[in-house]
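What follows is the residue order along each chain.
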Amino acid sequence: MIRAREEERRRLRRDLHDGVGPALVGLRLRLAAAEHLAGTDPEHLRQRLQALQGAVDGITSDVTQAVTGLRPAALDDEGLIEALRLYADQLSTPSLRITVQAEGNTAELPAAVDAAAYLIGTEAMTNVVRHAAATRCDVSVRVSDTLELSVSDNGKGLPTQRRRGVGLTSMRERAEELGGQLLLETNPERGLTVVARLPLGSTD
């Protein structure tokens, strides 16, 4: 848990330093430029202020994503399975159906485990929407002495020659931080299956 916490702190520091920090500096400069228009060019000032409102919305979104990455609120509000189902419903479309099934007791999982499972699951579902060209995605969670999360789609699978993406790297790191593993099974005719196995006892 300590290792996972420090990794999240490092990620948060990177997100704030590389994303939010420069955005705030840019916002300050744009506000200073807009100030010079006050009283001289009201219409231009109005346009500048509208653009700045959009910039503030973008920064707010970045901060929300960074905070959500630490501990998604849906986990505490709904629990792991319902939180995954809500996310699946948001991504589902008439051309892509995403379902979530559960087996075993998911009600009393260690906090680090259900957070990792949720973030791996949502990242895997998002990748299906972005890259798989699939019509179906099945998410399953099985709990025994470990938690096994499986996300399978019927899309085009992974290319033979591929670069390691940020999403797959992030999912693998989240699993390994808890002493677990992430496995990929891909076939152009059957799509891609992402399997995360997370030990429950490692977080005691």
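Residues numbered from 1 in each chain as written. Predicted model: local features only at pLDDT ≥ 70, side-chain atom pairs only at ≥ 80, totals over all residues. Heavy atoms only, no water.

### A closer look at the overall build of the protein chain
Right, on to step 1. Of regular secondary structure, the protein chain possesses 6 helices and 5 strands.
Right, on to step 2. Secondary structure elements in the protein chain, listed N-terminal to C-terminal, are α-α-α-α-β-α-β-β-α-β-β.
Right, on to step 3. Split into buried and exposed, the 204 residues of the protein chain put 37% on the buried side.
Right, on to step 4. Here the analysis covers contacts within the protein chain between residues at least 6 apart in sequence; of these, 67% occur between residues at least 24 apart.
Right, on to step 5. As displayed, the protein chain has an accessible area near 12300 Å², and 51% of this comes from carbon and sulfur atoms. (Helix = DSSP H or I, 4+ residues; strand = E, 2+ residues; numbered from the N terminus. Buried < 20%, exposed > 50% of the residue type's maximum accessible area, 1.4 Å probe, protein only. Contact = heavy atoms within 4.5 Å. Areas by Shrake-Rupley, 256 points an atom, 1.4 Å probe, with all protein chains shown as cover.)

### Considering a negative patch on the surface
Right, on to step 1. On the surface, a cluster of negative charge is contributed by Asp77, Glu78, Glu82 and Asp89.
Right, on to step 2. When contributions to the negative patch are tallied by element, the ones reaching two or more residues are helix 3 (73-78) and helix 4 (80-91).
Right, on to step 3. Looking at the secondary structure, you find Glu78 in helix 3. (Patch = residues over 30% accessible without salt bridge, like charges linked within 9 Å, V, L, I, M, F, W, Y side chains within 5 Å. Salt bridge = Lys/Arg side-chain N within 4 Å of Asp/Glu carboxyl O. Lys, Arg positive; Asp, Glu negative; His and termini not counted. Charge placed at Lys NZ, Arg CZ, Asp CG, Glu CD.)

### What about unusual backbone geometry?
Right, on to step 1. Even without glycine at this site, Ala133 takes up a positive phi of about 55°.
Right, on to step 2. Turning to its location among the elements, Ala133 is positioned in the loop between helix 5 (111-132) and strand 2 (136-143).
Right, on to step 3. On the basis of relative accessible area, Ala133 is assigned to the exposed category, the value being 67%.

### Description of the side chain of Thr193
Right, on to step 1. In this fold, Thr193 is placed in strand 5 (residues 191-199).
Right, on to step 2. Only 3.0 Å separates the side chain of Thr193 from the side chain of Ser152, close enough to count as a polar contact.
Right, on to step 3. Residues within four places of Thr193 in sequence aside, it is in contact with Ser150, Val151, Ser152, Leu183, Leu184 and Glu185. (Polar contact = N/O pair within 3.5 Å; in protein donor to acceptor, adjacent residues only side chain to side chain.)

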